[in-house]
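Here is what each chain is made of, one letter per residue.
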Amino acid sequence: MTNDSTSPGSSVDWAYLLANLGTIVVRQAKHYSCRLPLFGRPHSHEDRFHFSYVRSGKCRIRIDETALSVGADDLVFIRPGQVHESLGDKQVDYELIELRVSVDADADRTLIPAFKPVTHIDNAAVFFPILERVVTAYQLDPFPENWLVRVRLVEMMMVLAREEGPLTSTLTD
């Protein structure tokens, strides 16, 4: 796999990803409000990566051994196998959009993107509608064969990678 079509910092070969789009399956795309911890008790997803976009609210989470502060317009990215949990956030209301995605077991694991664990989305006016299109496509057809939701997911990841310059990390200790 070459990196000729890779955006700086994203570690995704877009031509390769698009050629192998059939191996990516969105397992959940959900927009919800809750008064619960962002990720609950320590757990991991061995076969899935996911994005959680914080529309409102704030908390601290731990991904593996790193504690992070997240709030409105932060996008949390968790790779397969990473242990994650929320830290002391039971009194905060959240509005979240969560996407859980799996890559076919026989597929090349390089199809899993390598975004930062937490990225603050400065250009939420552009990013949020694209994320909403992923959720809408999934809600209209939540089955693994849904090609539109796969294409929308890649669109979202491309915008995230392309906008990575003006985006800032909110990593804290």
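Read on for a plain summary of the structure. Worth saying up front: this structure is predicted, and the values here are computed from it rather than measured.

Here is what the cut-offs are and how they apply
Residues numbered from 1 in each chain as written. Predicted model: local features only at pLDDT ≥ 70, side-chain atom pairs only at ≥ 80, totals over all residues. Heavy atoms only, no water. Helix = DSSP H or I, 4+ residues; strand = E, 2+ residues; numbered from the N terminus. Contact = heavy atoms within 4.5 Å. Areas by Shrake-Rupley, 256 points an atom, 1.4 Å probe, with all protein chains shown as cover. Phe/Tyr/Trp six-rings, centres within 6.5 Å; stacked < 30°, edge-to-face > 60°. Buried < 20%, exposed > 50% of the residue type's maximum accessible area, 1.4 Å probe, protein only. Lys NZ or Arg CZ within 6 Å of the ring centre and 35° of its normal.

This part covers the overall build of the protein. The secondary structure content of the protein amounts to three helices and nine strands. Taking the intrachain contacts of the protein between residues at least 6 apart in sequence as the baseline, contacts between residues at least 24 apart amount to 77%. Accessible surface computed for the protein: about 8300 Å², of which carbon and sulfur atoms make up 52%.

Considering all chains together, one arrives at seven aromatic pairs under this definition. Ring plane angle 80° and centroid distance 6.0 Å describe the contact between Phe49 and Phe51, whose orientation is recorded as edge-to-face. Taken as a pair, Phe49 and Phe51 share a single burial class, namely buried. Through a chain of ring-to-ring contacts, the aromatic side chains of Phe49, Phe51, Phe77 and Phe115 assemble into a single cluster. Looking at Arg55, its charged tip hangs above the ring of Phe128, at a distance of 3.5 Å from the centre.

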